[in-house]
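Listed here are the chains, written in short residue letters.
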Amino acid sequence: MDSTTLSAIPGVFSIAAPVLLALAFIWVVRRTESFHVPVRRLWQLVHGNQEIADPDVRSFVDEQTSLVSFRMFAGVPAASLDEAHRLIQWTKLNGVQMRTVRLCGEYFDAGTCQIRVHKLPGRPRQIARLIGFVIAVVMGAVSAASLLSDRPLLSLKATSKTFFGTATEAQAAWPLWPLDPAPLRLADCSKSESENAARTTFTGPEVNVLCDIFKAEDTSAFMKEALMKQRWNLAQFALVVAWISWLLLVALARATAARSLARRSVGPSLGGHQLSFDWHK
């Protein structure tokens with residue numbers, strides 16, 4: 001690591017710190033579904049720790065602080081503090097973990113302490129989500145693994161032949177391993193066109209074009225630029241696929257947790273009475 005890289009580190013942290021702070025702010029607002037926390041912090045910044053004089057207003061602010069605290073730590077969007085108290089008692093009396101309620105997400109009605117059974121997805125939809133998740137994970141893994149490759153995927157304009165190339169080597173992209181053909185190297189350009197074509201699956205004209213590319217002065221710079229672009233595109237694609245797979249995983253987990261809780265037939269009563277669900281809706 002040279003001095004230039006070391007001097008750039010403080011600049012990176014100066015940019016990353018406010019970005020991380022903004023992301024944390026967005027996450028808190030999204031989780032609590034309220035701007036109460038940042039507004040209260042702003043009030044304390046202006047007025048310090050001075051108590052609010054009016055007892056009714058102070059009681060209201062304290063109640064809102066307690067409500068957003070519950071939303072923050074429980075992860076359940078209770079509409080009121082009374083609803084939060086009821087939900088806490090309900091989970092204790094019925095042996096339901098708060099994290100299970102949180103995992104159910106929109107399928108759980110915090111006001112009635114019931115699962116919205118009519119919103120639960122059917123088996124075909126869950127299977128489709130599972131298949132989509134597996135496909136997304138495989139695509140993400142392939143993209144992440146491809147980042148380690150030092151050969152960009154290129155194609156010849158004249159024939160649309162795709163190949164993995166370097167400044168001195170080209171290998172046809174199809175067929176895949178273990179049936180992949182032998183590569184065409186710069187040293188092979190001294191051999192006959194027909195011999196190279198038979199060994200590499202490139203046609204005679206393609207062999208000539210590739211040999212001309214190997215001998216060009218700007219080939220090395222072109223390959224480096226192509227490799228950088230490929231890695232950047234793969235990184236973006238891997239991030240998108242990872243986000244999609246995460247959304248599918250959350251959807252699968254929520255529906256599974258909600259269906260499991262619904263099968264317990266735990267009613268909304270704080271006395272622990274059971275409620276019969278209408279599964280025929």
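For the structure, see preceding data.
What counts as what
Per chain, the residues get numbers from 1 upward, laid out in the order the sequence is written. Where totals are concerned, whole chains, interfaces and linings use all residues; where local detail is concerned, this predicted model gives features only for residues with pLDDT of at least 70, and gives and counts side-chain atom pairs only at 80 or more. Hydrogen atoms and water are omitted, and side-chain values are computed over all heavy atoms in the structure. Only DSSP runs of H or I reaching four residues or more are called helices, and only runs of E reaching two or more are called strands; each is numbered from the N terminus. Here the rule is simple: two strands pair whenever DSSP picks up at least two bridges between them. Any two cysteine sulfur atoms lying within 2.5 Å of each other are counted as a disulfide. Throughout this description, buried means an accessible area under 20% of the type-specific maximum (1.4 Å probe, protein chains only), exposed means over 50%, and partly exposed covers the range between. Counted charges follow a simple rule, with Lys and Arg positive, Asp and Glu negative, and His plus the chain ends left uncounted. What makes a salt bridge here is a side-chain nitrogen of Lys or Arg within 4 Å of a carboxyl oxygen of Asp or Glu, nothing more. Definition of a polar contact: a pair of N or O atoms within 3.5 Å, with one able to donate and the other able to accept a hydrogen when the atoms are protein atoms, and with sequence-neighbouring residues admitted only if both atoms are side-chain atoms. Every residue pair with non-hydrogen atoms within 4.5 Å of one another is taken to be in contact. In this scheme Phe, Tyr and Trp rings, the latter by its six-membered ring, pair at centre separations within 6.5 Å, and the angle between planes marks the pair as stacked below 30 degrees, edge-to-face above 60, and tilted otherwise. Here, nonpolar core means buried Ala, Val, Leu, Ile, Met, Phe, Trp, Tyr and Cys residues that are tied together by side-chain atoms lying within 4.5 Å of each other.

Side note on the environment of serine 220
Checked against the element boundaries, serine 220 lands in helix H9 (residues 219-263). Expressed as a C-alpha distance, the spacing of serine 220 and alanine 167, which sit 53 residues apart in the sequence, is 5.0 Å.

Notes on the sheet that holds strand S6 (residues 184-185)
If you walk across this open sheet you meet the four strands as S3-S4-S5-S6, and the pairing is antiparallel. Each edge of the open sheet carries a strand with a single partner, namely strand S3 (153-155) and S6. In the sheet, strand S5 (residues 169-172) pairs with S6 via two bridges, with the strands oriented antiparallel. Note on S6: the bridge partner recorded for alanine 170 is leucine 184.

Regarding the state of the cysteines
All told, the structure shown has one disulfide when counted by the stated rule. Two residues, cysteine 189 and cysteine 211, share a disulfide whose sulfurs are 2.2 Å apart. Because the sign of the S-S torsion sets the handedness, a value of about -100 degrees for the bond joining cysteine 189 and cysteine 211 places this disulfide among the left-handed ones. Separated by 22 residues along the polypeptide, cysteine 189 in the loop between S6 and helix H7 (193-200) and cysteine 211 in helix H8 (residues 204-215) bring together distant segments of the chain. On the basis of relative accessibility, which here comes to 7%, the residue cysteine 211 falls in the buried class.

With respect to the pairing of strand S4 (residues 162-165)
Because side chains alternate across S4, one face comprises the buried residues Phe163 and Gly165, and the other comprises Thr162 and Phe164, none of which is buried. Counted along the chain from S3 to the antiparallel partner S4, the turn is six residues long, and its residue serine 160 has a positive phi close to 60 degrees. Bridging between S4 and S5 involves three bridges; their strand directions are antiparallel. Residue phenylalanine 163 lies in a different strand from S5, and its bridge partner there is alanine 172. Following S4, the chain reverses through three residues before pairing antiparallel with S5.

What about the side chain of glutamate 83?
Mapped onto the fold, glutamate 83 is located in helix H4 (residues 81-94). An unpaired buried charge is present at glutamate 83: no salt bridge exists, and arginine 71, the closest side chain of opposite charge, is 7.3 Å distant. A polar contact of 3.0 Å, which involves the side chain of glutamate 83, links it to the backbone nitrogen of alanine 79. Excluding residues that lie within four positions of it along the chain, glutamate 83 makes contacts with Pro77, Ala78, Ala110 and Gly111.

Focus: the pattern of salt bridges
This structure, assessed with the given rule, holds seven salt bridges. With its nearest N and O atoms 3.9 Å apart, the salt bridge here joins glutamate 169 to arginine 151. Taken together, the positions of glutamate 169 in strand S5 and arginine 151 in the loop between helix H6 (123-146) and S3 put the pair 18 residues apart, joining distant regions of the chain. Of the residues examined, arginine 151 reaches a relative accessible area of 21% and is grouped as partly exposed.

Here's the deal with the packing of aromatic side chains
Evaluated as defined, the whole model comprises two aromatic pairs. Each ring, one from tryptophan 90 and one from phenylalanine 108, has its centre 5.6 Å from the other, and the planes form 50 degrees; the classification is tilted. You can see tryptophan 90 sitting in helix H4 and its partner phenylalanine 108 sitting in strand S1 (residues 108-109), a full 18 residues away along the chain. Centre to centre, the rings of phenylalanine 163 and phenylalanine 202 are 6.3 Å apart; their planes meet at 80 degrees, and the pair counts as edge-to-face. Of this pair, phenylalanine 163 sits in strand S4 while phenylalanine 202 sits in the loop between H7 and H8, and the two are 39 residues apart along the sequence. Just as phenylalanine 163 is buried, phenylalanine 202 falls in that class too.

Considering the nonpolar core
With 25 residues, the main nonpolar core has Phe70, Val76, Leu87, Trp90, Val101, Phe108 and Ile115 as its most contacted residues. Looking at this core, the elements with two or more residues in it are helix H3 (55-74), H4, helix H5 (98-104) and H9. For this core, the leading source of residues is H9, giving five residues. Ranked by size, the runner-up nonpolar core spans 14 residues in total, among them Leu184, Cys189, Met223 and Ala226.

Bear in mind that shape data such as this cannot, by itself, settle questions of function.
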